[in-house]
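The primary structure of each chain is shown beneath.
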Amino acid sequence: MQVSLAPFFNNVGITKDDASVAEGLDNQGFACSATLLGKSQVRNGVTFNIGPVDSSNVVTTAGQTIPLPTGTFSALRLLMVAVNGNQESQNFLVTYANDTVQTNTQSVSDWFTPANYPGESQVLNMDYRNQSDGTKDEQKFNLYGYSLKLDKTLAVKSVTLPDNSNVKVLAMTLVP
């Protein structure tokens, strides 16, 4: 079940090729290519819907609490990258309906320098990223998938993201 991130999108991190961008995914004018990402990505049979192109379409984490659809699930899967270096030991706090809080610690690789952290898998290897002037930076960049194990005997309520502007969330999906 897709988690709606639209109300929380606060960063233009995905752009059309040849389009200029001010801050981009990394606040240095670089963005993912909408052409390479497409409208969705699939990892281990789970679909992640990508946000709208050329408007806010990525969540820069800043300690936001995102409501989750009510129900019991085995995992929360995330499509993410880190920018400006690998971001180690990031805490994702899952709150259940009974107000129990579960801390999930996950390290997140930089989109240019994969560290192959436990719980991390490569979803997409991109042949380039878009630069602020609309040209392509033709190096390899990555998009990663993560899976946070949930207590499937408890109904979920929300997830609180790390307070780290170098962690970028593109999509979330709950798995039965």
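The shown structure was predicted, so the numbers you read here are calculated from the model rather than taken from an experiment.

Engineer: Teacher, can you tell me more about the sheet that holds strand β9 (residues 101-108) here?
Structural biologist: Strand pairing in a sheet relies on backbone hydrogen bonds. The paired strands run either parallel or antiparallel. Read across the open sheet, the four strands follow the order β6-β14-β8-β9; overall the sheet is antiparallel. Where the open sheet ends on each side, the last strands, each with one partner, are β6 (65-71) and β9. If you compare each strand with its neighbour and ignore which way they point, the axes differ by 25° on average. Relative to strand β14 (residues 156-160), strand β8 (residues 87-96) runs antiparallel, the two being bridged by four bridges.

Engineer: Got a minute to help me understand the pattern of salt bridges in this structure?
Structural biologist: In the structure shown here, the tally under the stated rule is four salt bridges. For Lys157, the salt bridge goes to Asp99, with nearest N and O atoms at 2.8 Å. Here the residue Lys157 occupies a position in strand β14, and Asp99 occupies one in the loop between β8 and β9, the gap between them amounting to 58 residues. Assessed through its relative accessible area of 40%, Lys157 is described here as partly exposed. As a salt-bridge pair, Lys140 and Asp127 come within 2.4 Å of each other at their nearest N and O atoms. In this pair, Lys140 sits in the loop between β12 (136-137) and β13 (141-149) while Asp127 sits in the loop between β10 (120-126) and β11 (129-130), placing the two residues 13 residues apart along the sequence. Given the relative accessible area of 44%, Lys140 is considered partly exposed. A network of salt bridges, in which partner residues are shared, links Asp26, Arg129 and Asp137.

The rules behind these values
- Residues numbered from 1 in each chain as written.
- Predicted model: local features only at pLDDT ≥ 70, side-chain atom pairs only at ≥ 80, totals over all residues.
- Heavy atoms only, no water.
- Pairing = 2+ DSSP bridges.
- Helix = DSSP H or I, 4+ residues; strand = E, 2+ residues; numbered from the N terminus.
- Axes fitted to C-alpha atoms, helices over the stretch in contact; angles between N-to-C directions.
- Salt bridge = Lys/Arg side-chain N within 4 Å of Asp/Glu carboxyl O.
- Buried < 20%, exposed > 50% of the residue type's maximum accessible area, 1.4 Å probe, protein only.

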